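# Structural overview for review
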Amino acid sequence: MSDRIKSEKENWEKKVASQDERNTFFNTVSGVPIEKLYTPDDIEKINYLEDLGFPGQYPFTRGVYDTMYRGRLWTMRMFSGFGSAEDTNKRYKYLMDHGQTGLSVAFDFPTLYGKDSDDPMSEGEVGKCGVAISSLHDMERLFDGIPLDKVSTSMTINGPAAILWAFYIAAAEKQGIHSKVLQGTIQNDILKEYIAQKSWLVPPEPSMRITVDTMAFGSEKVPKWNTISISGYHIREAGSTALQELAFTLADGFAYVEAGIQAGLDVDCFAPRFSFFFNSHLDFFEEIAKYRAARRIWAREMKNRYGARDPRSWRMRFHTQTAGCTLTAQQPENNIVRVAWQALAAVLGGTQSLHTNSMDETLALPSEKACLIALRTQQLIAHESGVTNTIDPLAGSYFIESLTDQLEEKAYDYFEKIKKLGGMIKAIEKGFPQREIAESAFRYQKAVDDKKRIVVGVNEHILHKEKLEIPILKINPEVEREQRRRLSELRKKRNARKVQTTLDDLRDACKSTENLMIPILEATRAYATLGEIAGVLKEIFGEYREPPIYW
Amino acid sequence: MAKKLRILLAKPGLDGHDRGIKVVARALRDAGMEVIYTGLHQTPEMIVEAAIQEDVDGIGLSILSGAHRTLFSKVLELMKERGIEDKLLFGGGIIPQEDVEALMKMGVGMLFGPGTPTQEIVKYVQKTFGVRETQ
C-alpha cells in the first residue's frame, strides 16, 4: 500500500476514534470481528492469479464456469413435496408452468428413514413433511407426464438414497429413457445426517460403503448424475455458524474422497460428479465470502492433497437454499424480504442452482401462493436487478476479499482439530461437530433473547394482536389411508416370488463386496418396497443409534 | 428448599429437528429445573413410560414434522390410560394456529412456535407449578 494511503488512513482513524458507535463490537453472524473500514491494506497479501484467477479456472474463486450467468442463469429449483405422489406431481407441473427450470423432491419422514407408509412408526407422518414414496409405483406416479430425459431432478434423500435413486432410474426405464441421459442429484450425504439432519439408516461404516457403491455405479451407468451433494445446509439449520458450515461440509467432502480412493477408485472418475449444497443465511457479505472461500479450498485440496488431475474434480459446483431457520412466524410477509437478500447473496456467491424459501414455512408447508412469490424472487434477481451482467462483481472489494481469506484461514483451524480427532468419521462418533453446533445454536438464541441480536417482529418492532393474513396449506388426512390402501394392493398384485428372490440376492450382495446398486435396482423392478429393501440393509448392517450428546 | 421441578423433553415420531429442543432443555436447566431429554424417535408409549419412570412433573414435546395432531393426542390418551393426566403436557414446533387451538381444547398446555424467547417457556413452566421466578 502506498505510504500516502497509509498515512491518510492513520489520520482518518485518529479523527473517528473518539466518535460514538451503535455497538461496542461489530461481528458477522459467525463472530468474525468486522472493522470500521477496509482499505487496500487488507488485500495486500492477495496474489491475483494464485488466489482469485479467472472464472472457470483454478482455483475457481470467481466462479466455476467461464461465462457464469452471462452464459446461462442458475437453475431455479424449488424444493417441494407433500401429500401423495399425485399432489406433488401437480405442484411440479404448476412450478414448471411458471418458469421453474429444475425439480427438487422433498420426501416425507417415513421415506427419509426408509420406512413404508404402512409401517407403525409412520402413523401421522405420511405425506406431512414431503411426499410419501414407498415403491417404484409411487415414483412412476410422481413423475407422470414429466419427461425424465428433459428435466433435471434433485432428490433430498440420504439413508435410503441408493433405493430412491433406483426407483427413479426404474421409473425412467418405464418411460423408455436410458439411465445414461438422466440428469440430477441425490443428496446421499450420510455424514451430515449423523451431524445434523438425523435421518439415517445404518451405521457410518456400511453407509460409506453404500455411498461408494453409488459413486462407482453412477460414473459407469448414470454419468450425468451427481451422486452426492455434500451438504452444509442442515448443519447450518441445526444452528452452526457460517464458518462451521464451511469447515464441516468440506471436511465431510474430504471424507468421501478418501473413502472413494480407499475403495480403489480413481479420484478423477468420481470427484467430477460431486456437488455441494449450502445455506444462505442473513449476514449478506459473510455468505458471499463463504461460497468464494469454499470453492478455493476445495480446488486446492483436490489438486494438492488428493492429486486430482481433471479440472472438473477441482471445481466445486453447488446448490443453495435460503435459510429456513431465519424465517419468523411473526409478520410472515417480512420473510419475503429476508429471502430476497439471502437469494441475492447466493447469486453474488456464484451458485449453480437455488431454492428460495416461502414466507409461510415457519407455519406449515408452503402454499401455492407463497411458493410462487419465492420463485418470482429469483426471477426478479435474474432479470431485473442487473447483478447477472458481470461475473463475480464483488471480487476486489477490500471487505469481501478480506472476509474470504479469514473464513478460509479459520476453516483450516477446524480441519486441524478434526485431524487430531482422527478424521471426520471419528469426530462425528465423538460428537465433536454436534457439540460445536449445539453450542452455537444456544449462543444465537441467547443473543436474540438478550436483544443483542435484533429480529424484526420477534424481539423488536413487534405487532401486538397480529392477525395472520396468508393462506396455509393443509395436508388431506386421506393421504395416509390412501397410501396404505395402495401399498396393500401392490403387495397383492406383484410377483411375490420375484420380490423374494431379488431381496435374497440383495442380502447375499450385502455380505460380499458386490456393488449394491445392482441388486437394489433388481428388487426395485420387482416392486419390492422401500421398507423391504431398507429392511434387508438394516438386517445385515444393523441400525444406527445416536450416541448421547451432552450439551 | 423446594423440590426441583422435573421436566421430560421428548422428540416423538421420526422428526429429526432437534435444535429447538436442545436450546429449550438448556434454558430450563439453567433456570434450575431437572431436565431429562429422551433423544430422537420416541414412540408415544416410550415417552409416557419414561415420564412415569422418571416421575416428572411435566412433559414437553417438540414436533416440526406436521404429525402434531396424531402424536399429541396419542400421548394425551396414554397419559390418561396410565393415570398421569394430572401432569403438564406442553410443547412446541411448527404448528398452525388452528391446530394449536384444537390441541389446547383437548387438554394440551401451551404450544410455543418459532421465535419464542426461551424465558417465556421458562416462565410458563414455573408459573404452572407456582414457582416464583428465579432471576
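Being a predicted model, the structure only gives us computed values, none of them experimental.

It is worth spelling out the overall build of chain B at this point. On a plain count of helices and strands, chain B comes out with five helices and five strands. Ordered by position from N to C terminus, the α and β elements of chain B give β-α-β-α-β-α-β-α-β-α. If one aligns the C-alpha atoms of chain B with their principal axes, the spans along those axes are about 40 × 35 × 25 Å. Residues counted as buried form 50% of the 135 residues belonging to chain B. Taking all contacts inside chain B whose residues are at least 6 apart in sequence as the whole, residues at least 24 apart take part in 72%.

For the rest of this paragraph, the subject is the interface of chain B and chain A. Counting residues at the interface gives 25 residues for chain B and 33 residues for chain A. Going through the elements one at a time, α1 (19-30), α3 (68-81) and α5 (118-128) of chain B are the ones with two or more residues in the side of chain B that touches chain A. When the residues that make up the side of chain B that touches chain A are grouped by side-chain class, the tally is nine nonpolar, 11 polar and five charged.

Below, the discussion takes up the environment of A:A427. All names here are of chain A. Checked against the element boundaries, A427 lands in helix α18 (residues 424-429). The exposure class of A427 is buried, given the 24 C-beta atoms found within 10 Å. Here the alpha-carbon distance between A427 and I195, two residues 232 residues apart in the chain, equals 9.8 Å. When sequence neighbours within four positions are dropped, the list of residues in contact with A427 reads I418, L421, F432 and P433.

Attention shifts here to the sheet that holds strand β5 (residues 225-226) of chain A. Residues and elements named next belong to chain A. Judged by pairing direction, the sheet is parallel, and its nine strands sit side by side in the order β5-β4-β3-β2-β1-β9-β8-β7-β6 without closing on themselves. Edge positions in the sheet fall to β5 and β6 (228-231), since each of these pairs with one other strand and no more. Relative to strand β8 (residues 318-322), strand β7 (residues 274-280) runs parallel, the two sharing five bridges. Directly across from F277, in β8, lies its bridge partner H319. Contacts from helix α11 (residues 242-262) reach β6 and β7, with the element oriented near 145° to β6.

Moving on to α3(B). Residues and elements named next belong to chain B. Compared with an ideal rise of 1.5 Å per residue, which puts 14 residues at 20 Å, α3 spans 20 Å between its outermost C-alpha atoms and is within 8% of the ideal. The inward-facing, buried residues of α3 contact α2 (44-53), β3 (58-63), β4 (88-93) and α4 (97-106). Looking one or two residues past α3, G83 carries a phi angle of roughly 75°, positive in sign.

This part takes up the packing of α11(A) against helix α13 (residues 284-305) of chain A. Residues and elements named next belong to chain A. Viewed as axis vectors pointing N to C, α11 and α13 meet at an angle of 25°, and their least axial separation amounts to 10 Å. Between α11 and α13, the interaxial angle falls into the category roughly parallel. Note that α11 runs across α13; the crossing there is right-handed. On the side of α11, the interface is formed by A242, L246, L250, G253 and F254, while α13 contributes E286, E287, K290, A293, A294, I297, W298 and E301. Split into classes, the residues belonging to the contact of α11 with α13 amount to eight nonpolar, one polar and four charged.

Right, let's get into the pairing of strand β1 (residues 6-10) of chain B. Residue and element names in this part refer to chain B. When you tally the buried positions in β1, you get four out of five residues, the bulk of the element. Where β1 lies against strand β2 (residues 34-37), four bridges are found, and the strand directions are parallel. Paired with L8 across the two strands is I36, which belongs to β2. Crossover handedness for the path β1 to α1 to β2: right-handed.

Right, let's get into the domain arrangement of chain A. Residues and elements named next belong to chain A. Along its sequence, chain A is organised into domain 1 (72-387 + 394-449) and domain 2 (478-541). Computed over C-alpha atoms only, the centres of domain 1 and domain 2 are separated by 26 Å. Between domain 1 and domain 2, the residue contacts involve 33 residues of the former and 23 residues of the latter. Elements represented by at least two residues in the side of domain 1 that touches domain 2 include exactly α6 (136-142), α7 (161-174) and α9 (204-221). Of the residues contributing to the side of domain 1 that touches domain 2, the split by class is 18 nonpolar, 10 polar and five charged.

Residues and elements named next belong to chain A. Mapped onto the secondary structure, A242 falls in helix α11. Using a count of 29 C-beta atoms within 10 Å as the deciding quantity, one classes A242 as buried. A242 sits 213 residues away from V29 along the chain, and the two C-alpha atoms are 7.4 Å apart. Those residues within four positions of A242 in sequence are excluded, and the remaining contacts are T28, V29, S30, H281, D283, E286, E287 and K290.

All names here are of chain B. A sheet is described by the order of its strands in space; here five strands give the open sequence β2-β1-β3-β4-β5, paired in parallel fashion. For this open sheet the edge positions go to β2 and β5 (111-112), each flanked by a neighbour on one side alone. Here β1 runs beside β3; their pairing, made up of four bridges, is parallel. Opposite A10, over in β3, you have L61 as the bridge partner.

Here the focus is the environment of A:L73. Residues and elements named next belong to chain A. Along the polypeptide, L73 turns up in the loop between α3 (68-71) and β1 (75-80). Between the C-alpha atom of L73 and that of V347, which follows or precedes it by 274 residues, the distance is 9.5 Å. Not counting the four nearest positions on each side in its chain, L73 is found in contact with A382 and T388.

We now examine unusual backbone geometry. All names here are of chain A. Note the cis peptide between Y58 and P59, where omega equals 0°. Relative to the elements of secondary structure, P59 occurs in the loop between α2 (48-52) and α3. Residues other than glycine seldom take positive phi values, yet K451 does so here, at roughly 60°. Along the chain, the position of K451 falls in the loop between α19 (432-449) and α20 (478-493). The phi angle at K465 is positive, at roughly 55°, despite the residue not being glycine. With respect to the helices, strands and loops of the structure, K465 is situated in the loop between α19 and α20.

Residue and element names in this part refer to chain B. Of all six residues in β4, five are buried; the element is thus mostly enclosed. Pairing analysis gives six bridges linking β3 to β4, with the strands arranged parallel. Residue pairing in the sheet places I59 in a bridge with L89 of β4. The parallel pair β3 and β4, bridged by α3, forms a crossover whose chirality is right-handed. The pairing of β4 with β5 spans two bridges and is parallel. Its bridge partner lying in β5, G91 is registered against L111. On the question of chirality, the crossover connecting β4 to the parallel β5 by way of α4 is right-handed.

Per-residue confidence for chain B gives a mean pLDDT of 93, with 96% of residues at or over 70. The ipTM, which scores confidence in the relative placement of chains, is 0.88 for this predicted complex, and the corresponding pTM is 0.94.

Let's shift gears to helix α17 (residues 398-420) of chain A. Residue and element names in this part refer to chain A. Between the first and last C-alpha of α17 there are 34 Å, a value that for 23 residues agrees with the 33 Å anticipated at 1.5 Å per step. What α17 keeps buried is the set I400, E401, S402, L403, T404, L407, E408, A411, Y414 and I418. Those residues of α17 that are buried are in contact with α11, α13 and α18. The positive-phi residue at the C-terminal boundary of α17 is G422, with phi of around 100°.

What counts, and where the lines are drawn
- Residues numbered from 1 in each chain as written.
- Chains lettered and ligands numbered in written order.
- Predicted model: local features only at pLDDT ≥ 70, side-chain atom pairs only at ≥ 80, totals over all residues.
- Helix = DSSP H or I, 4+ residues; strand = E, 2+ residues; numbered from the N terminus.
- Buried ≥ 20, exposed ≤ 12 C-beta atoms within 10 Å, placed from the backbone.
- Contact = placed C-beta atoms within 7 Å.
- Nonpolar A, V, L, I, M, F, W, Y, C, P; charged D, E, K, R; others polar.
- Pairing = 2+ DSSP bridges.
- Axes fitted to C-alpha atoms, helices over the stretch in contact; angles between N-to-C directions.
- Expected span 1.5 Å × (residues − 1).
- Parallel < 35°, antiparallel > 145°, perpendicular 65-115°, else oblique.
- Left-handed = near helix turned anticlockwise from the far one by under 90°.
- Right-handed = clockwise from strand over helix to strand, strands pointing away.
- Domains from an automatic or database assignment.
- pLDDT = per-residue confidence, 0-100.

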